[in-house]
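Chain by chain, the residues:
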Amino acid sequence: MSASLIFLIVVALAAVGFVLGRGRAMASAGGDIRNLHSLPSYYAFNVALSALVPALILLVVWLIAQPALIENRVQSMIPQDRYADRGELSLIMSDVRRVADGLDLAVERDALTREEASSIRTEFTDVRSRLADIGVALGSDVDRTTLTAAQRYRALNATGNAIRNALVILAALAGLGLSLWKTNHEFRARNSVEKVVMALLIGAASLAILTTVGIVLSLIFNTVEFFKLYPAMDFFFGTTWSPSFGGGSELGILPLFWGTFYISLIALAVAVPIGLFAAVYLSEYASPYVRGFAKPLLEVLAGIPTIVYGLFALLTVGPLLVSVFGEQGGLGWMQGGTAVMTAGLVMGIMLIPFVSSLSDDIINSVPQSMRDGSLGLGATKSETIRQVVLPAALPGIVGAVLLAASRAIGETMIVVLGAGAAARLSLNPFDAMTTVTAKIVSQLTGDADFASPEALVAFALGMTLFVITLALNVFALWIVRTYREQYE
Amino acid sequence: MTDATNPAGAAPAPKHPSSLLAADVRTKRRNAAEARFKAYGLAAVGIGLIFLVALLFAIIRNGTPAFTQTFLTIPVELPEAKLDKNGNRDPADLSKVTTFGYAPLIEVAVARALEENGIDSPFEKQKDLRNLVSASAPAQLRDYVLQHPDDIGKTIEFRMLASSRVDGYLKGRVTRDSLARDKNLDAEHLDLVDQLQAAGLIKKQFNWAFIFGADASESRPEQAGIGVAMIGSFFMMLVVLALSLPIGVAASIYLEEFAPKNRWTDLIEVNISNLAAVPSIVFGILGLAVFIQFMHFPQSAPLVGGLVLTLMTLPTIIISTRASLKAVPPSIRDAALGVGASKMQAVFHHVLPLAMPGILTGTIIGLAQALGETAPLLLIGMVGFIASNAPDGIASGFLAPNSAMPAQIYEWAKRADPAYYERAWGGIIILLLFLMTMNIIAIILRRRFERRW
Amino acid sequence: MYDSPNSEAKIGQKAIKISANKVQVYYGDTHAIKDVDVQIEDKTVTAFIGPSGCGKSTFLRCLNRMNDTIDICRVEGEILLDGEDIYDKRVDPVQLRAKVGMVFQKPNPFPKSIYDNIAYGPRIHGLARSKADLDDIVEKSLRRGAIWNEVKDRLHAPGTGLSGGQQQRLCIARAIATEPEVLLMDEPCSALDPIATGQVEELIDELRENFSVVIVTHSMQQAARVSQKTAFFHLGNLVEYGMTGQIFTNPNDPRTESYITGRIG
């Protein structure tokens, strides 16, 4: 029985419980709803939830825990001398899984019987060709350890699934029985249901924390793994980035940092003045009519997916810049369409509405009395804005710019398509450079082996990115919040 | 107060101009600065709007050609001798003839069509005509024959895809100059195309296959479509909707209506506001490490993509849901509590239904954001995979490897053949149409049901 | 030195500073000020009194065109400052406001230092030739604003750190610093405690030496204490305008009497 079937059984049990609970409550009240403590539907829900919730929690925990546990057990079957490092081990393990899946498929298609699948030996059967017959291609011949490990893997999985199924159904039945037994007209069903619902609400809210924990753990584990294979000092202070999957990679983060920083700088140089002036114009000068159409139109820019900006950079802005700054334009500064300038410019366009709508909020929260005071002294509108409104709004605007910077640093698609792939430390904004995010993508896509330093470095890059953007966000949100409180 | 009788203050120097009707030099200068400042603001708004227009212009100009495709419609003879040697129309026998068996039929048909229309072929070998037609044409013909075995032995009008170079020539992408370095097509081919077009055999037609079809291999851009990726996106959005709406609403209800002010809730709040600003690629790393490395979920599956996008959009949905819950005035809660409802009943019977339009609006906007997101999908492998066939059921829709619209667009943008750029732009038009529809629905919902308390 | 007979005797001789004729103000479709005629004299404190919403603040804001900042507000009629129509097309409100300063209901110091608050007006109008000049203007204005002694040691501390009464005197000093000829005050004491109110009232009386002061107030006692002439507004109309003593002791209009005796308000 598969997990989804078990799920359906549990749901069916809950439905049965719903009907039984309602009936039993009504019966104990002698058919008169006024004799019940709670509405009949609460009794019904109480029984249904008692059947559903514990069983489903058990199911989910089991589904998550079982693969990890089995993985460990099977791993320990592989003799130590078969592998030198974790990388090789994970390769062997993926072979094991493939063979196990292949055997499953073979049984399913009747190419092997159940008994054969769990008892065949490499000595007597060419497993590779048998599996190839049913469409499972294996990279190499299956050796004895792998096959036994795979058979063990299948056996453990089968036992695990059987125990899981039994326990989950038992839990559902127990919940059902217990709550039915408790159901009578004096039972406070509403309070009990509300308690469960409250627990679910708290659980949903806590998912945010779980997500953060998940992010931090997945980054930390792999980063630690990476630093075991590659010295941290060389990573943080290395000035060369040249990964090669054959070994001998140099994985210094500095060129990536520089690319990220340079591109973000150009993006902010585009977005901050335009966004800020647009916000000032829209909130201080524009008539309601102009504001009514210009503001939503500008915000359309924020709703466009980044892949669109990426394509725009690669296919429109890049060639355009080359025709002006490249060989044809006579300047010869630009070799190809992908460059820091291309990505920075397009990212700047993307950030304009971000800066302008944040600044707009902040400028609007400067009290009108401040403007009146300045205008009453005979200041012009622009003097009032430059010398009173903007200084008063400065902390908030700094916060907005920091949030925009964090966006720019974390942006991926525009730099993947528009910035180029070469990691270099150059001052020429028309050179192709690359960023932390672009390298995370390139190191983790493709057929890289997860255990090699060249793939694991992506987690260290991700960790660095996460820490930097988190620090920027926390700082910026703190500035914005303290600023808002000032005028509340 | 002796300050006020200060002799210096008693006789203020008349520093202002005596008449108000004439502006003095300084005022003129200040007003000029004012006008300049205002102009800067207007220019900034203008530049922003120009960027928007340029972006939309680039998309529409480059993307619309993807919706038409060049087709060659010619009579093709289906000789029984080659396709069905036994003459029994047995599907098993018919399918033994591979696409290689069909390729010559098409070459013959093209040559004959040229002859019948009085066009001289500049090529000695019939084989050279093959490059006019898409490499997928034999497969198309084979599929047709397998479906209509009765047409064997007849001559049928068959519409087949022209090759992407021919298509590019008709759309202006390929010119005689650009062909100089091309080994697939020569200027002579283009002369033929001109004549075939004059004869009405080659035509640009609306290309439904682009909207509903599957991706194709690197060398056949003329065949590629975004349909399968659309299905992948659809299943992902189902997952996002099914998870983020209930979880988001539950979390918001707790935080807005029940949460006591304590460290745990503070921690949750801080987490939500920070997660909203975490770069999307980090969610991709999370998905890769947790769902694929740790839980061993299938790679490239819309289910995993949906889970990652759910985690990514939840903060957005929670923030907007909380805003709409907050907008319901406390008097409604008081009224419900006053007639003896429990707090939970007050929230679920009164506050939640009143806040629903706002919640749905926020959810649709969150979904739109998720639909356009690319970076996390790259990490969980929803790219580089050629989605050749639509999933054959609901379970495989969630679990079978697939792509998603933005990932498909990215994949096309990375391919070397410029014919794929046109596809990428076209894909963007479709993606933006979806996003626009979603946003319009959100706006209508907001306009229609917005309540002013 | 409140309302000494001496000061009342001089009023008759004083020149007319502002003269308003048939002024109408509309807010969108609402007719907020109807047909107001009033002559405001130089070196005099003129008080506008009346129940809330009677239009006295609106009318005050017409005198330096602060109403220009509100889109839907429209002013008709004629307001002459020294014989020149301030609503003439050629008049730059910026120049006008330098001549007709304003102090607001709530103290609104800028989020800058005390020094920069005072120096703001002189800087934008270019009144100081040098740093020393500016220092001089700041000190003089703070002295005339009767706050110098309290802040002279912390001129570079933020103006927002002062107490409410000090903030309002700072705002008055800030308005004086641009050397205006008329000073408009919109309920300058409504946000202050009685002690601070006393200090500000004393200051207003002293300002009469150099400026024409127009004050809007809710408090009839305050009007009686600080003003020489009083105008009573009711429902957008100027009901009665005359010597303060006469308005409070022997009003001509029954509505004025009702208001003063507390029957309407």
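Residues numbered from 1 in each chain as written. Chains lettered and ligands numbered in written order. Predicted model: local features only at pLDDT ≥ 70, side-chain atom pairs only at ≥ 80, totals over all residues. Heavy atoms only, no water.

Chemist: Help me understand the interface of chain C and chain A, please; the structure alone is not making it clear to me.
Modeler: The parts lose accessible area when they come together, and the size of an interface is often stated as this lost area. Contact residues are listed per partner, giving 22 residues for chain C and 17 residues for chain A. Three residues, C:Pro111, C:Tyr120 and C:Ile124, lead the burial of chain C against chain A; their summed loss comes to 30% of the area buried on that side. Where chain C packs against chain A, one counts zero salt bridges. Our count for the contact surface shared by chain C and chain A stands at four residue pairs in polar contact (both at pLDDT 80 or more). Among the secondary structure elements, those contributing two or more residues to the side of chain C that touches chain A are α3 (93-99), β6 (100-103), α4 (114-125) and α7 (164-176) of chain C. (Contact = heavy atoms within 4.5 Å. Buried area = accessible area lost by both parts, 1.4 Å probe. Salt bridge = Lys/Arg side-chain N within 4 Å of Asp/Glu carboxyl O. Polar contact = N/O pair within 3.5 Å; in protein donor to acceptor, adjacent residues only side chain to side chain. Helix = DSSP H or I, 4+ residues; strand = E, 2+ residues; numbered from the N terminus.)

Chemist: Is there a simple way to think about the domain arrangement of chain A in this case?
Modeler: The assigned domain composition of chain A is domain 1 (3-213) and domain 2 (241-486). Centre-to-centre, using C-alpha coordinates, domain 1 of chain A lies 45 Å away from domain 2 of chain A. (Domains from an automatic or database assignment.)

Chemist: Is there a simple way to think about the sheet that holds strand β2 (residues 155-161) of chain B in this case?
Modeler: Sheets are built from strands paired through backbone hydrogen bonds, the pairs being either parallel or antiparallel. Residues and elements named next belong to chain B. Taken in spatial order, the three strands make up an open sheet running β2-β1-β3, and their pairing is antiparallel. Single-partner strands in this sheet number two, and they are β2 and β3 (202-206). Averaged over all neighbouring strand pairs, the angle between strand axes comes to 40°, with direction disregarded. Note: strand β1 (residues 68-77) against β2, seven bridges, orientation antiparallel. When the sheet's bridge partners are listed, Thr73 is paired in β2 with Arg159. (Pairing = 2+ DSSP bridges. Axes fitted to C-alpha atoms, helices over the stretch in contact; angles between N-to-C directions.)

Chemist: Even after reading the chapter, I still don't get the interface of chain B and chain A, so can you show me in this structure?
Modeler: Across the contact, 74 residues belong to chain B and 80 residues belong to chain A. Contact between chain B and chain A buries roughly 6,700 Å² in total, counting both sides, with carbon and sulfur atoms accounting for 80%. Put simply, chain B and chain A have one salt bridge between them. Here A:Glu383 makes a salt bridge to B:Arg30, at a shortest N to O gap of 2.8 Å. Applying the counting rule to chain B against chain A returns twelve residue pairs in polar contact (both at pLDDT 80 or more). The dominant element in the side of chain B that touches chain A, judged by the number of residues it contributes, is helix α2 (residues 25-63) of chain B, at 21 residues. Its residues assigned to classes, the side of chain B that touches chain A comprises 57 nonpolar, 13 polar and four charged. (Nonpolar A, V, L, I, M, F, W, Y, C, P; charged D, E, K, R; others polar.)

Chemist: Sorry if this is basic, but what is going on with the packing of helix α9 (residues 254-285) of chain A against helix α10 (residues 288-303) of chain A here?
Modeler: All names here are of chain A. Running from N to C, α9 and α10 point in directions that differ by 150°, and their axes come no closer than 10 Å. Regarding the angle of α9 to α10, the classification is roughly antiparallel. Read as a crossing pair, α9 and α10 show a hand that is left-handed. Contact residues: α9 offers Ala278, Leu282 and Ser283, while α10 offers Arg291, Ala294, Lys295 and Leu298. Grouping the amino acids of the contact of α9 with α10 by side-chain chemistry returns four nonpolar, one polar and two charged. (Parallel < 35°, antiparallel > 145°, perpendicular 65-115°, else oblique. Left-handed = near helix turned anticlockwise from the far one by under 90°.)

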